[in-house]
Structure formats: C-alpha cells, structure tokens
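# Observations on the three-dimensional arrangement
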Amino acid sequence: MNSPEIAVARWRLRVRGIVQGVGFRPFVHHLAESMALAGWVRNDAAGVLIEIQGAATLLLPFIARLKNEAPRLACIDDVAHENVAVDPVADGGFSIVLSEHAGSLTTMIGVDSAVCDDCLNEMLTPGDRRYRYPFINCTHCGPRYTLVRQLPYDRVATSMAKFSQCPACLSEYRAKENRRYHAEPNACPACGPQLQLWDMHKTSIAGDPIAEAVNALQRGAIVAMKGLGGFHLVCDARNRQAVKTLRQRKARDEKPFAVMMLNSVSARQWCMVSDQEDELLNGIARPIVLLDKKESVNDILPDIAPGMNTLGVMLPYTPMHYLLFHEALGRPTSLAWLRQAHDMLLVMTSANPGGEPLVVDNDEAILRLHHIADLWLVHDRDIVSRCDDSVTRAPEEKPKENTVKRPQFFRRARGYAPQAIRLNCAENAPTILATGAFFKNTVCITRGDEAFLSPHIGSLDNAATRHALCAMVEHFMQLLAVTPQAVVHDRHPDFYSTHAAAVWAERFSAPLIAVSHHHAHIAAVMAEHHLDDAVLGLAFDGVGLGDDGEAWGGELLRVDQTACARLGHLAPLYLAGGDRAAREPWRMAASVLAQTLSSEDAPNAITTHFAAEKAAPTVATLLMRAKSGKVRHTPRTTGMGRMFDAAAAALNICSHMRFEGQAAMQLEGLAHRYLRRHDTLPVKPLYRIDGNLLDIKPLLAALFDIDDAEYGAALFHGTLIAATIEWAAQAAKQERLARIVCGGGCFMNALLAQGVHDGLTHRGFNVYQAQAAPANDGGLSLGQAWIGLHALRNGSQFII
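The text that follows walks through the structure, step by step, so that each part is easy to find. (Residues numbered from 1 in each chain as written. Predicted model: local features only at pLDDT ≥ 70, side-chain atom pairs only at ≥ 80, totals over all residues. Heavy atoms only, no water.)

### What about the environment of Met225?
The residue Met225 is located in strand E7 (residues 223-226) in this model. Look at Met225 and you get buried, because its relative accessible area is 2%. The sequence separation of Met225 and Trp376 amounts to 151 residues, and the corresponding C-alpha distance is 6.0 Å. Setting aside residues no more than four positions away along its own chain, Met225 makes contact with Gly230, Phe231, His232, Val234, Met320, His321, Leu324, Met348 and Leu377. (Helix = DSSP H or I, 4+ residues; strand = E, 2+ residues; numbered from the N terminus. Buried < 20%, exposed > 50% of the residue type's maximum accessible area, 1.4 Å probe, protein only. Contact = heavy atoms within 4.5 Å.)

### Here we look at the packing of aromatic side chains
Scanning the entire structure with this criterion turns up 10 aromatic pairs. Considering the side-chain rings of Phe540 and Trp727, the 6.5 Å spacing of their centres and the 15 degrees angle between planes classify their relative orientation as stacked. Placement of the pair is Phe540 in strand E22 (residues 535-545) and Trp727 in helix H21 (residues 709-735), with a sequence separation of 187 residues. Judged by relative accessible area, which is 0%, Phe540 ranks as buried. Residue class for Trp727 comes out buried when judged on its relative accessible area of 0%. Arranged with centres 5.0 Å apart and planes meeting at 80 degrees, the rings of Phe644 and Phe716 form a pair that is edge-to-face. Here Phe644, found in helix H18 (residues 640-650), pairs with Phe716, found in helix H21; they are 72 residues apart in sequence, far enough to count as distant. Pair check on accessibility: Phe644 and Phe716 agree, each one buried. The rings of Phe438, Phe439 and Phe495 are connected pair by pair, giving a single aromatic cluster. If you follow Arg566 out to its NZ or CZ, it ends over the ring of Trp552, 3.8 Å from the centre. (Phe/Tyr/Trp six-rings, centres within 6.5 Å; stacked < 30°, edge-to-face > 60°. Lys NZ or Arg CZ within 6 Å of the ring centre and 35° of its normal.)

### Some words on helix H1 (residues 24-34)
Where burial is concerned, most of H1 is hidden: eight out of the 11 residues are buried. Among the residues of H1, Phe24, Arg25, Pro26, Phe27, Val28, His29, Leu31 and Ala32 are the ones counted as buried. Packed against the buried residues of H1 are strand E1 (8-18), strand E2 (38-44), strand E3 (47-55), helix H2 (56-68), strand E4 (75-84) and strand E5 (94-96). With its phi angle positive at about 60 degrees, Ala36 sits one or two positions after the end of H1.

Structure representation (structure tokens):
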C-alpha cells in the first residue's frame, strides 16, 4: 500500500518590527533547516521577507516558533502570510539572500544592547583569538542604532564599512552554525577597530591602553572614554579629590553623578536593590537605575549625589567596561569574579561640557574636553548617532492598574531609543515632525502607526545643542525615509524649536501647528495608552507658556484630542525677579510670605527669614508692589514646580539651586527618609478648593514654623497629594469624566505619582501616567506629534 502524498505549500511571510541587525535572518535560517523547510530570507525596506516551502502542516507551526523563539533583541510587531506558487525545483535548502533596497521603508533598526554572556566569556578566556578585545560582538549584542547610517541594515550602511573582515571573521560571518552568521559589526583584533590611550596632544601612551587607563584612574586621573553613543568622563568614585576635581573642571557643583559598579552584588553593598531593580540593572538595555541609598553611602561617598536619597547606578554594558574591572582585579582567568562583589566604583558622567551635546568624535573630545580630562581612551569606530545613557526608576513590585511592567524614564536614550511607540491610528497615517520643548529637548517623527522618539538632545540654550536638534531631525528623516506632512511645535514664540519648526514647514510645504505646552504633556500619555476620548488632565511641571501669556504649570485640563480647555489651576505665586526665581527657591518662599501675611508684617518677615540674602529687601519691595497691583518685574506662576521650590526654601532645605529640580529632589528625598520610619505621610487640612482653584499657600506658609525638615517634607507631600486627589475627583465628576491623565515633570516624583494614582483609583477613576516616554519635557514631542495627527485628521491646521 502506498503512503499518502504529503501536501506541499509555499508561503511568503512579511515580518515587521525590529528585525534587522538583531540576528533575525540567521535565526530564520536555523529554524527553517531544523524543520526541513526550503526557501530564503532577506532584509528589505519593509523589514524581513521570507519565502518558506514544505509540508503544509508545518507552516503555521513555523510562524508560531518564529514569534516565540525570536532572538533576544528582536521585537516582532506582525507576521503576515500569503500563498505563492510552489517551486518544483526547490531542493530543500534554505538561504539568506542579498538585501533588497527598493520600496517604501517601513522597518527600523534595533537599539544598542549590552554585551552578551557568550561574547563576555570569549573575551575573558585566555587563548581565545578575541581575548581582551574591547569590540567583541555578535548577532545577540553590541551597537546597532549608534553605528547605522541608513537602512536596510547591512555592514556597508554602518560605521564598520571601513573595516574589512579578515578570513577568520569572514568565515564566521558565512557559517550558518555560528552566532556571528551575518553579524554586521563582526570584527577581531586583526581586522577591527583598535583602542588607544591619548594625552592631550593626541600622543598615544605606550603600553596596553586598558591597563594604563586603570592605572591612571587609580592615581586619581580623569579619563575621557569613548563608548557606544558618546564619551564618558570617568574617575574613581571613592577618591574624593578626583571627584572634587571633576566637579570643579566640569562646573558641576552638586548635580548627582552616576556610578558604575561591577554587578548587583556590588550594588547591594551601597543601595537597596529590589528584584525589579535587579532585573532592570541586568537587562540588555543597562540603563542608569535610581536606587535608594543605604545610610552609609553619604559618609563614604559624600560628593557623588549630595542631598539625594537615591544613587544612580549602572552596570557595565560594553566589553571595554568589563575590561576595566578585569584589569583592576589583576586579569583573573576564572570567570567567578563576574558574580562577586568588587569595591571599584567608577563615576561615569556624560562628556557634555557646559550642557552642550555629548561629545562623539575623537578630535572633538580633545578640543572640548582638554580642560576637564587628563587622558583620552579612544578608538577608530565612528559614532554615527550620539545617544546618552538612559536614566530610569524600576517599576513597582505590583504594577498599577492600567499599566504594564516598564521602568519610569527620567531620560529615554541608549537601550530604548529609537524603539517605536505604537499609536492607535491607521498604518497610512500622515508623517508628523514634532520639535519638542526648550528643556530636555527631544524630537518625534511618526511613520504610519508608529512614533519614533529621539534620544535625549538637551536644553536649547546653546548653539551646539541647537545644531544637534537639526542634525537629529535630518538623521531620523533619512533613517525612516520620510518627509513630514505637518510640523508641530510648542506655542512659545521664542523657543529655538519653534523657529526651526517654521523652517522645516516651509521647506516641506507642510502646515505648521502650534500646541500648548501642557496640552502636549497630557497628549503624550494619551498617545501611549491609546486614549482617544476626552480625559481630565493634571499637568504639573515647572513652567510652560499658558494661553493667557502667563507661566502655567499646575493645571486642571479637559483634553479631547485637539481640544484643550483649562478647567482650573493652582492659586498663583509671584515670581520675584522673573526667571531668576526659578533658580533661587528662597524667592518663591518669600512670595508665600508676601501673599499670606499682611502688608505690614510681610516685608519684615521676608528680610528676617532670608537675612542671608542681600536681595531680600529688594525682593520684599517687589512683592509688596505686586501685591498692591503694581506688577512690574513680578509675573505670576501656577507652576507646581515652583510650589516645591517654595516648600524646600521654607524648610531651609535649599535656597539656591545648582541644577534644575534640585530643591524638589531634595524635598522628596527627605520625605522618603521620613517614610522609612513611619507608615504613612502626614496630612493636614492646609489647603482650599474654591471651585476649580486649588490654593496650597496655607500649607506652604505652615512650613516656615516647622524645624524638622523630614517631617515638613513629608507633610508637604502628604497634604499636596490629598489636595490633588480631592481637587481632581471633584472636577472629574463635574465634567463626567472617568479617565484622569497625569503628565508633566512633577510626576517624576514617585511619592506624588503613586499617591495621586492610588487615591484617585480608590475613588473609582481610571488613572494613566507616563511609561513609554518621560513624564517631563523629554516626552513632550510625543504629545505634540499625537495632536498633529489628530489635527490633520480633523482638518485643523493650527491649535489655539
């Protein structure tokens, strides 16, 4: 009896997502061969195209395994299939064919990722041909975004193009069984990038560059080290003089430094590390993670993060990082040291002098860092796209309702950008360019139903950062192969991002859309959570231009796509001295005294409480004139950030800020310390709700009489949270809205974000907060782009 004939079919599969530069084609090849299927796979402008032929009963299981067993760096969005004619001469073989560059580009490159265990083991094994080679990589790890110039992702389109593979590397690249099969950055000491240690004259220091760099660090030197997306300034974190020298040279008096530690075991010697924090520290993105300090840290490392309750910690993520620790330990041959605690701590801070963009080029590093660094650890692999370290807080052990388990971003960059954020819109939606805000600038470009948020660019107060903004937009447009059909900007007329947006709009004959700052904050959260219906928005930040021309930042909004109505706001405080008040919290506290005391008592109270401030009498005069209706030089603000500043100064925590957000961060840190010894935050009825106006001046005034700063900080947080919950709940009921969205930089405060979420959820509301993008201005361009999409769809070309 003859066996039944097996039905044969051939399918064409279109795979979309992050599927280039992540070892996806070799994975498909191995999977097809293991299932005895014939066909081919290739990269193209839309992602990856596969033709697969074999027993018809195996094709659906092949797709299932394609999704479930994909490489660790791959992110599959969709797999579509169609029947095609069976190839009668298919011999059962499967091949990787040359990339196809034609067609509309709809794919995207993957993110840079930490060195994998296999590469790490090779690099640390004596006798291996890549022993101690700092550029080891494979399809499962290493640089991607920072070295690619255009898509599809092939070696010729990267900064590795100038390095021709030697016979041994080429053999690996072509070997189907090898994990470097079609690994585009593949290299070794014989054919790949090389490391050098330079002095300020670009003279190479004799000896092993890693060994000499470690010796210099141990002597207290500052080393500028070229990494994946830019240079770091590195010094021994336990050497107080080295840290002080770095602060002095970089003009960074008190802003916290991030510290690199070998592993989680080492981190636990200095910080509290939860399971979620451990997972984030060791993930493939390897961001800086904010961890709660142990009590001893401030005594041993007093100059790393002064006044903060957290320490920014990251683990090694490049081979070069691991080699620094390997060298410091005397080059052990066993791998056990990787899992043991190590006492070497390295300050790793961005090499961005004067707040300018991150240094990426070797010659540029000498030019811009000659007054800071002592030595330069450089290499000859070009950085195509600058990309700073991401800064995160780990997700909660029990994620909030309406959330997924994601870190909270303070800065979204290396390891995450430019991974797309999926939008709830059509795949053929128009392309929007959004140019972001003034501080913490990012740009966002949409392509179909995807939003691509750029890595952190910086504050647009200098020419170099403005140039970086323009370069980022040009690079993104080239990488995504798109031109904008609308350009969106913040409505502030003086921002550079506003001026640049006008230039791009004219260049592409695209409509120019102005969007309110706080509307965009709420829209950013709506975009990632796919909220298309009306919501109540709580927009809390330091400052943004309001519809009335004043400084807003404590806003109660009704947002319905392109429509944004101001329902209420915080009772305003005067900005004595204008923008200077945003840098000197004592001026905000003085405004509290002026507005809560009588005109007879306030001036004396201000000059007495702030006797150390030479400008106190002048400020008192300004405030009294403002109070009497003469408002010259004294604008008003509803900004929640300024309320935090006033609280910090009233409690004598911070009167002058050395970096943005310092007062609020120190205030939050003290409240966290209070909670370590108490179960809950104290709450007192020190606020008034008059319609939709929330007045917390009674709370701020009460802080002047509190000597215990920890208790005062806790009382401020507890009462503010209670007031916000009551205020928002009342407005939501009036507006018949069940969804409340929280946006703006003040929601980076963990106590505020958690407290408001839990309180409003308990009252039956659905509460949404930022996760895929930072809540601060770093996520603003996402909201702008989302509004732009709806504006075009609704036929509106500008937002009032």
